[in-house]
Amino acid sequence: MDLPPEVFAHHSHRLSDWIATYLREVGEYDVLSGVTPGAIRAQLPKSPPAAAESLDDIIADIDRVVMPGATHWNHPGFLAYFANTASVPGILGEMVTAALNLNGMLWRTSPVATELEQVVTDWLRQLFGMGDGWFGMITDTASISTMYALAAARERDPALGIRQRGMAGRSDLPRLRIYCSEHAHSSVDKAAMTLGLGLENVVHVACDADFRLRPEMLHRAIQADRAQGFRPLAVVATAGTTSMTSVDPIGDIATICQRESLWLHVDGAYGGAAMAVPEMRPLFAGLEKADSLVVNPHKWLFTPMDCSVLFIRHPTVLRRAFSLVAEYLTTSEGEDAINYMDYGLQLGRRFRALKLWMVIRAFGSDGIAERIRHHCRLAQTFAGWVRTAGNGWAVCAPVPFSTVCFRHVPAGETIEDEIASHNALIMTRVNESGDVFISHTKLGDQYVLRVAIGNLRTSEATIARAWDLLRQAAS
Ligand SMILES: *Cc1c(COP(=O)(O)O)cnc(C)c1O
C-alpha cells in the first residue's frame, strides 16, 4: 500500500510552505554550492534502508543534505550559461504532473496529454508570430529535438533506405553531410554521432566578424562536397548561439537550402523565446522557410526543467523516421487522434504540456513579452556600463538578446594567455562572493566573461552588484 492521502496532505502543506519560503529567500543563499567533490556522497549511507523511514526524517534531509549541494538556478544572481526560471505556475504544473502520472504515449493513454500538447505548442507558435503549418511536439531537451530534426532530414528521401537497411557496409550510400556554423551548439555534433553520420561529416562553416554563419562559405562548402560525391543533407542555423548569442542569417541560409534541397533546422533553444517580443522578430526573418525549429521553454520561457519544443513542417517524415507500432500498442482511433510515441524514440512520455500551459496562461503573451524585454534592457544597461567604463573594459560581441560577452584587459597587456588568466581570476573572485555566478567562453582565441540574464528575479540591483564585484576583482 502507498502512504495514505492524509499523510500526503500533511507533508505537502509543509513542503509548499517550504517552497514558498525558498522562493522568497533564494537570493540569500550563495548561488554556487560550496561543497567539495564527494562530500555529499560521503554523508550518505552506502546502501538503501531495509526498514521504512519516516517522512519527517526524509524531509529534514532536504535541508541537511540537498540544500548545501544545490547550485541555485532560481537565484537572482544566477548569470551563468543561460539563466532560467522555475516560475510559480510552472512549479504548480509539475506538482500536478507528478500526481496524475499520465503517460502520453498514445492518445488513449491520456487524451489530455496529447491534445494539450497540440494546443499549447500551437499557442507557442502564435505567441512567436509564426505562420500556420507547423507541427509541435514537446521533448526533454534541445539536444533531443535537434537529433529528431536531423533524423527526419535523413529520412526525407526514402530512397536512402536508412530506416530499413541502416548505413553500415553500404557501397551505394554516399557520405551524408550536415552544415552548421563554427559556433553551433555541440548537440549538432552529438546528433551526428548518434545518427551514425559521424563527426567528420559535420561541416563547421566560418562566421563573419559578428559570429554569424557566412552564407557564401556555406554555399562553397556544399559545392565542394557535391564535387567529391558527398550528399549534403541538412543545415542547422542557430538563432542565439550558446557562446555569444549571435543569430545566423536565416533568410539567406534558407534560400541556399531551398536551391540545394537541404533540410533547414533552426536552433533557437535560447534565443527563440525572443520571438515572443514582436519588435525582435525581424532577427528571425526567413524562419518561415525552415523545415524545423527548436525552442526551449526551460531556458528563457520560465518553465521548469525540462521542456523543449520541436516545431516541424513535415510530421509525416518524422513519423516515418520513428514510427514502429508493436501489436499491443495498436489503436483504432482515427486521424484526429495522434499518438506522440510515433514521432520520437521514447514510448512513455511525461505530461510536460501542463506546466507550459499554466505558465503561458499565468503570464499571458503580453506578460511573457514584457519579461523578455526587461531582460534585454538589463543586458543593454550592463553592456552600457562596461562600454563606458574605459580602463581596459570592453564588450566583445554584439548583444542582440539578454547575454553580454565582455572582458578586462590590464593596461599594456597584449599576451592572450595573460589576459585569459586575468579574466579567469576575475571570474573566480566574483563567483566566490556567493552573490552572483557568471561563466566564461571563448570567442575565437579570446577568453571572455559572460553575463546571461534570464531569471525572473534578476533586477537592476543584481547586475549592479555583479558590476561592482567585477570592478573590484579586476583591480
Ligand atoms: C542550451 C542550448 C542547447 C542545448 O539545450 P539542452 O536543452 O540542454 O539540450 C542547444 N542549442 C543551443 C543554441 C543552446 O543554447
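Just above, that's the structure.
Note that the structure is a prediction, hence the values are computed from the model and not measured.

Conventions and cut-offs
- Residues numbered from 1 in each chain as written.
- Predicted model: local features only at pLDDT ≥ 70, side-chain atom pairs only at ≥ 80, totals over all residues.
- Heavy atoms only, no water.
- Helix = DSSP H or I, 4+ residues; strand = E, 2+ residues; numbered from the N terminus.
- Rg over C-alpha atoms; globule rule 2.2 N^0.38 Å.
- Buried < 20%, exposed > 50% of the residue type's maximum accessible area, 1.4 Å probe, protein only.
- Contact = heavy atoms within 4.5 Å.
- Areas by Shrake-Rupley, 256 points an atom, 1.4 Å probe, with all protein chains shown as cover.
- Lys, Arg positive; Asp, Glu negative; His and termini not counted.
- Charge placed at Lys NZ, Arg CZ, Asp CG, Glu CD.
- Near = heavy atom within 4 Å.
- Polar contact = N/O pair within 3.5 Å; in protein donor to acceptor, adjacent residues only side chain to side chain.
- Pairing = 2+ DSSP bridges.
- Axes fitted to C-alpha atoms, helices over the stretch in contact; angles between N-to-C directions.
- Parallel < 35°, antiparallel > 145°, perpendicular 65-115°, else oblique.
- Left-handed = near helix turned anticlockwise from the far one by under 90°.
- Nonpolar A, V, L, I, M, F, W, Y, C, P; charged D, E, K, R; others polar.
- Core = buried A, V, L, I, M, F, W, Y, C linked by side-chain atoms within 4.5 Å.
- Right-handed = clockwise from strand over helix to strand, strands pointing away.
- Salt bridge = Lys/Arg side-chain N within 4 Å of Asp/Glu carboxyl O.
- Patch = residues over 30% accessible without salt bridge, like charges linked within 9 Å, V, L, I, M, F, W, Y side chains within 5 Å.

Student: Can you tell me about the overall build of the chain, naming the residues and giving the values?
Tutor: Along the chain, the regular secondary structure elements total 15 helices and 11 strands. Its C-alpha atoms give the chain a radius of gyration of 24 Å, near enough to 23 Å, the size a compact globule of 475 residues would have. Here the C-alpha coordinates of the chain stretch approximately 70 × 60 × 45 Å along the principal axes. Put simply, the chain has 475 residues, and 51% of those count as buried. Partitioning the contacts of the chain with sequence separation of at least 6, the portion at a separation of at least 24 is 74%. Element-wise, carbon and sulfur atoms account for 55% of the exposed surface of the chain, whose accessible area totals about 21500 Å². Charge-centre separation for the chain: the mean point of 43 positive side chains lies 4 Å from the mean point of 51 negative side chains.

Student: Give a detailed account of the site of the ligand, specifying residues and quantitative values.
Tutor: Surveying the vicinity of the ligand reveals 14 residues, the closest of which are Ala142, Ser143, Asp267, Asn296 and Lys299. Here an oxygen atom of the ligand and a side-chain polar atom of Asn296 are 2.8 Å apart. Notes on the ligand: free accessible area 390 Å², of which the protein chains cover 88%. Contributing elements (two or more residues each) for the shell around the ligand: helix 6 (142-155) and helix 11 (297-300).

Student: Can you break down the sheet that holds strand 8 (residues 393-395) residue by residue, with the values?
Tutor: The antiparallel open sheet is built from 4 strands, whose spatial order is 8-9-11-10. The sheet is open, and its two edges are formed by strand 8 and strand 10 (439-443), each paired on a single side. This sheet shows a mean twist of 40 degrees between the axes of neighbouring strands, independent of strand direction. Where strand 8 lies against strand 9 (residues 403-408), 3 bridges are found, and the strand directions are antiparallel. Within strand 9, the position partnered with Ala394 by the bridge is Arg407. On top of the sheet, helix 15 (residues 460-474) reaches strand 8, strand 9 and strand 11 (446-452); it is set at about 130 degrees to strand 8, its chief contact.

Student: Tell me about the packing of helix 4 (residues 88-100) against helix 13 (residues 353-389), and name the residues and values.
Tutor: What describes two packed helices is the angle between their axes and the distance between those same axes. Interaxial distance between helix 4 and helix 13 falls to 8 Å at its minimum, and their mutual angle equals 150 degrees. If you check the angle between helix 4 and helix 13, you find them roughly antiparallel. For helix 4 against helix 13, the interelement crossing comes out right-handed. Counted together, Pro89, Gly90, Leu92, Gly93, Glu94, Val96 and Thr97 of helix 4 and Leu354, Lys355, Met358, Val359, Ala362 and Phe363 of helix 13 form the full contact between these two elements. Along the lines of polarity and charge, the residues of the contact of helix 4 with helix 13 split into 8 nonpolar, 3 polar and 2 charged.

Student: An account of the environment of Leu378 is needed here, citing residue identities and associated values.
Tutor: Relative to the elements of secondary structure, Leu378 occurs in helix 13. Sequence separation between Leu378 and Arg108 is 270 residues, and the spatial gap between their C-alpha atoms is 46 Å. Excluding anything up to four places from it in sequence, Leu378 contacts Ile453, Thr458, Ser459, Glu460 and Ile463.

Student: So what's going on with the nonpolar core? Which residues, and what values?
Tutor: In terms of nonpolar packing, the biggest core is built from 61 residues, with Phe128, Tyr179, Leu218, Leu264, Trp300, Ile368 and Ile372 touching the most fellow members. Considering each element in turn, this core owes the most residues, 10 residues, to helix 13. The residues contacting Tyr179, other than those within four sequence positions of it, are Val203, Val205, Leu218, Ala221, Ile222, Asp225, Pro232, Ala234, Val235, Val236 and Leu262.

Student: Before we move on, could you go through the pairing of strand 5 (residues 263-267) and cite the residues and values that matter?
Tutor: The buried fraction of strand 5 is high, at 5 of 5 residues. Of the two faces of strand 5, the one holding Trp263, His265 and Asp267 and the one holding Leu264 and Val266 are both buried throughout. Sheet analysis places strand 4 (residues 231-238) next to strand 5, joined by 5 bridges and oriented parallel. Paired with Thr238 across the strands is Asp267, a residue of strand 5. Running through helix 10 (residues 250-260), the crossover from strand 4 to the neighbouring parallel element strand 5 is right-handed.

Student: Account for the side chain of Asp267, with residues named and values stated.
Tutor: As for its placement among the helices and strands, Asp267 is situated in strand 5. One buried charged residue, Asp267, remains without a salt bridge, the closest side chain of opposite sign being Lys299 at 6.5 Å.

Student: Residue-level account of a nonpolar patch on the surface, with values.
Tutor: The grouping of Val88, Leu92, Met95, Val96 and Leu100 at the surface amounts to a nonpolar patch, some 420 Å² of accessible area in total. Structurally, the position occupied by Leu92 is in helix 4. When its relative accessible area of 42% is taken as the criterion, Leu92 is described as partly exposed.

Student: Residue-level account of unusual backbone geometry, with values.
Tutor: A cis geometry characterises the amide bond from Met305 onward to Asp306, with omega recorded as -10 degrees. Looking at the secondary structure, you find Asp306 in the loop between helix 11 and strand 7 (308-312). Backbone geometry places Tyr81, a non-glycine residue, at a positive phi of 45 degrees. Judged by its relative accessible area of 45%, Tyr81 is partly exposed.

Student: Tell me what's going on with the environment of Ser54, and back it up with residues and numbers.
Tutor: Mapped onto the elements of the fold, Ser54 is located in the loop between helix 2 (39-43) and helix 3 (55-66). According to the relative accessible area criterion, Ser54 is partly exposed, its value standing at 34%. Of the polar contacts made by the side chain of Ser54, one reaches the backbone nitrogen of Asp57; its length is 3.0 Å.

Student: Could you give an account of the sheet that holds strand 1 (residues 135-139), with specific residues and numbers?
Tutor: Pairing is mixed across the open sheet formed by 7 strands, whose spatial order is 1-7-6-5-4-2-3. The open sheet terminates on both sides in strands that have one partner only, identified here as strand 1 and strand 3 (202-205). On average, each strand axis in the sheet is inclined to that of its neighbour by 20 degrees, with strand direction left out of account. With 5 bridges connecting them, strand 1 and strand 7 associate as antiparallel partners.

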